[in-house]
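Commentary on secondary and tertiary structure
What follows is the residue order along each chain.
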Amino acid sequence: MMNILEMKHIGKKFSGVYANEDIDLTVAKGEIHALLGENGAGKTTLMNILFGIYSADEGEIFWKGKKVHFHSPKDAIAEGIGMVHQHFSLVNKMTVLDNVILGLEKQGFFADRKSAKKSLEDLAERYGLQVDPDAKIHELSVGQQQRVEILKALYRNVELLILDEPTGVLTPKETEKFFNVLRRLKAEGYAVIIITHRMSEIMSISDRVTILRDGKKVKDLITKETNPVELSNYMIGRQLDYNFEAKEINQKEVALQLKAVTVKKGHKKPVLDQIDLEVYKGEILGIAGVDGNGQKELAEVIAGIRKISQGEICYMGEEIASWKIKERFEKGISYISDDRHRDGLVLDMNVEENLILRQYDKKPFLKNGIFQKKAIKDNAKKAIEEYRIKTSGNQGGETPVKLMSGGNQQKVILAREITEHSKLIIANQPTRGLDIGATQFVRQVWMNQRNEGKSVILISADLEEIMQLSDRVAVMFGGRIVGVQKKEDIEMEQLGLLMGGITKEEKENGN
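Residues numbered from 1 in each chain as written. Predicted model: local features only at pLDDT ≥ 70, side-chain atom pairs only at ≥ 80, totals over all residues. Heavy atoms only, no water.

Remarks on helix 8 (residues 228–236)
- Of all the positions in helix 8, only Leu-231, Ser-232, Met-235 and Ile-236 are classed as buried. Looking down the long axis of helix 8, one finds its buried residues gathered within 105 degrees of arc, a one-sided arrangement.
- Here the buried face of helix 8 lies against strand 3 (32–36), helix 7 (199–205), strand 9 (208–213), strand 10 (216–222) and helix 15 (436–451).
- Where helix 8 begins, one side-chain oxygen reaches toward the backbone nitrogen of Glu-230, 2.8 Å away; that side chain belongs to Asn-227. (Buried < 20%, exposed > 50% of the residue type's maximum accessible area, 1.4 Å probe, protein only. Helix = DSSP H or I, 4+ residues; strand = E, 2+ residues; numbered from the N terminus. Arc of directions from axis to C-beta. Contact = heavy atoms within 4.5 Å. Polar contact = N/O pair within 3.5 Å; in protein donor to acceptor, adjacent residues only side chain to side chain.)

Looking at the environment of Lys-136
- When you line up the elements, Lys-136 lands in the loop between helix 4 (113–127) and helix 5 (142–155).
- Spatially, the C-alpha atoms of Lys-136 and Lys-326 are 36 Å apart, while their sequence positions differ by 190 residues.
- Setting aside anything within four residues of it in sequence, one finds Lys-136 in contact with Asn-92, Lys-93, Met-94 and Thr-95.

Quick look at the packing of helix 4 against helix 5
- It is at 10 Å that the axes of helix 4 and helix 5 come closest, and there the two elements cross at 110 degrees. It follows that helix 4 is roughly perpendicular to helix 5 by the angle criterion. Relative to helix 5, helix 4 is oriented so that their crossing is right-handed. Along its contact with helix 4, which presents Ala-116, Ser-119, Leu-120, Leu-123, Ala-124 and Tyr-127, the element helix 5 presents Leu-151, Leu-154 and Tyr-155.
- A per-class count over the contact of helix 4 with helix 5 returns 8 nonpolar, 1 polar and no charged. (Axes fitted to C-alpha atoms, helices over the stretch in contact; angles between N-to-C directions. Parallel < 35°, antiparallel > 145°, perpendicular 65-115°, else oblique. Left-handed = near helix turned anticlockwise from the far one by under 90°. Nonpolar A, V, L, I, M, F, W, Y, C, P; charged D, E, K, R; others polar.)

Section: the nonpolar core
- Ranked by internal contacts, the top residues of the largest apolar core, which has 47 residues, are Val-96, Leu-154 and Leu-182.
- In terms of residue count, helix 5 provides more of this core than any other element does, 6 residues in total.
- Non-local contacts of Val-96, meaning those with residues more than four positions away in its chain, are made with Leu-120, Val-131, Asp-132, Pro-133, Ala-135, Ile-137, Leu-140 and Val-148.
- With 30 residues, the next largest nonpolar core counts Leu-345, Tyr-387, Val-401 and Val-442 among its residues. (Core = buried A, V, L, I, M, F, W, Y, C linked by side-chain atoms within 4.5 Å.)

Focus on the packing of aromatic side chains
- A full pass over the atoms with the stated rule returns 4 aromatic pairs.
- With 6.1 Å between their ring centres and 40 degrees between their planes, Phe-178 and Phe-179 make a pair best called tilted. Each member of the pair, Phe-178 as well as Phe-179, is classed as buried. (Phe/Tyr/Trp six-rings, centres within 6.5 Å; stacked < 30°, edge-to-face > 60°.)

Some points on unusual backbone geometry
- In this chain, Lys-363 is followed by Pro-364 through a cis amide linkage whose omega measures 5 degrees.
- Tracing the chain through its elements places Pro-364 in the loop between helix 12 (351–355) and strand 17 (366–367).
- The residue Glu-165 is not glycine, and still its phi comes out positive at about 45 degrees.
- Along the chain, Glu-165 turns up in the loop between strand 7 (160–164) and helix 6 (172–187).
- Judged by relative accessible area, Glu-165 falls into the buried class, the value being 8%.

Here it is as structure tokens:
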């Protein structure tokens, strides 16, 4: 196979610290090439250099045998390189078609929309990326929005497609369909670079793997000649222990009880419908289900972000439906949102500031109306140490969180939300978008909290995570709890059916 791309001795520094150091990467035509590494290993930086977002400080890029230097993404796209970022760059109020042709000089606002629409429909049909050209972006699911991003790139005749953590927002079924699209692209001679940290996906979809660690390339491997254990060892430089020790909890004391909790949105079907649920002290209750079946609403109801239409919420024996968010936090209810950028962090603030967002107006951080710098710094230093938060160079707690990797941003949220006063922690998709090392760290945090007698509600689309950590599993479908079982009683087939809204009885009756 002919190499379509060669990146040689690429180096890039931020604040004097290497994000990429002396990296070589080659990608062949008709190849799916995985770029593997922990958060902060330099994967996205390397691809941002290739796509013209950053300029390399050192090294050369050869595209189809010709030395190139892209000053902007526009340059890269003009040469046939497209990139779909982890956080999509679509205009929500515009249609699919308008988003796809946006920025194309020959197809501006007064373009021949009829022929553009026909071209888009043909492209979608050819690669199995069906989506309504007239639909507004905000009406689409995350999986459909991703299709639009890929169509946007293909419409511009790219020959190399870079995908940054493309399956982080997809269900298992959507991932399967998405991989079929990639195989079709590969068969037609496209080159694909997929940035990921998921071993199963690498083994399933890629031809070759390049592994980065701490900004350096550590290994190039042919996928069919390696295995997940070897990949993991190269990626994090150590073997991981997948066994979590769960302490035996004898007494079953109820920490939280929901009775007939309902949340209505106008005249539509309730987003939460008659939820009955108990959470015990010293247990991890896993909430399984395909995204969008009421999990986020359930989390927000317990945290106090969303009001209930009817029902009761009892916490440690007290009715708390009328309590505000701050009141609940002070009484020990912590919340880790599924959207760390929108709900979890203030990106323009630094680590120190983000760590005190919940308690900035209390001692020891505020005294007589004056911020106590030493207390704020000491708090950050302790959190950085305890949660192994990687910060920029010598900046420590003064590092702006927007410059940090997803895994380190998530650790900042954990350090802030999990305090000695926490008694109930709601964690919504807490490892989404994290690499294997950060994921393992976060999972250990939940087990530690459980073993200390605290309650954890773990909402996750990752069934492996749910089964690995939970004492009991509740399945949500259509805003309802359709089943609650102890982990040891669960059959995976039954769990899958419940997630699709089919009960055991319905299956037996042939419905």
